[in-house]
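Summary of the model geometry
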Amino acid sequence: MPTALRFDGRPLLAVLFDWDGTLADSHGSLFAANAAVMAAFRLPFSEELYRRHYAPDWRLMYERLGLTADQIAQSSAIWEAAYDGIESIELFPGVVEALERLARLGIPLGVVTAGPSLIVGAQIERLGLEALLP
């Protein structure tokens, strides 16, 4: 057993993290890309509307925000063109230190996310975390 850490009385075998909003502060980039989608269809959008209608399934969120099925089908290309999160997101304070501490204890680490693996993988690589989050 690589670690003496326990959770609920059982040995901690691995730790899986969500990415957006847990390890990575991606709110600004995600908000801006979603705002671009809404602007393209001339629909209102604000922080309050975003928070009220947010859903991990972006199609559901766009439906809640008033996009039609045809607009939802077109939205992916608009979102991808507007999203700059590969270059702009940063980690929350203390993330690297916490991951390094867990890794030193021999605990396997990973990311579970609804985000596209190509984008999240590129972010992990840019931030130099590929050794900690294989």
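Residues numbered from 1 in each chain as written. Predicted model: local features only at pLDDT ≥ 70, side-chain atom pairs only at ≥ 80, totals over all residues. Heavy atoms only, no water.

Another aspect to go through is the side chain of Q123. Residue position: Q123 is located in helix α7 (residues 117-126). Reaching out from Q123, the side chain makes a polar contact with the side chain of Y83 at a distance of 2.8 Å. In contact with Q123, other than residues within four places in its own chain, are W19, Y83, G85, I86 and I89. (Helix = DSSP H or I, 4+ residues; strand = E, 2+ residues; numbered from the N terminus. Polar contact = N/O pair within 3.5 Å; in protein donor to acceptor, adjacent residues only side chain to side chain. Contact = heavy atoms within 4.5 Å.)

This next bit is on the pattern of salt bridges. Enumeration according to the criterion identifies 4 salt bridges in this entry. One salt bridge connects R52 with E48, and the closest N-O pair in it is separated by 2.6 Å. Of this pair, R52 and E48 both sit in helix α2 (residues 47-53), 4 residues apart, which is roughly one turn of the helix. Taking the shortest distance from any N to any O, the salt bridge between R126 and E90 comes out at 4.0 Å. One end of the pair, R126, is in helix α7; the other, E90, is in strand β5 (residues 90-91), and 36 residues separate them in sequence. In this structure R126 comes out as partly exposed when scored by relative accessible area, which is 35%. A relative accessible area of 44% places E90 in the partly exposed class. (Salt bridge = Lys/Arg side-chain N within 4 Å of Asp/Glu carboxyl O. Buried < 20%, exposed > 50% of the residue type's maximum accessible area, 1.4 Å probe, protein only.)

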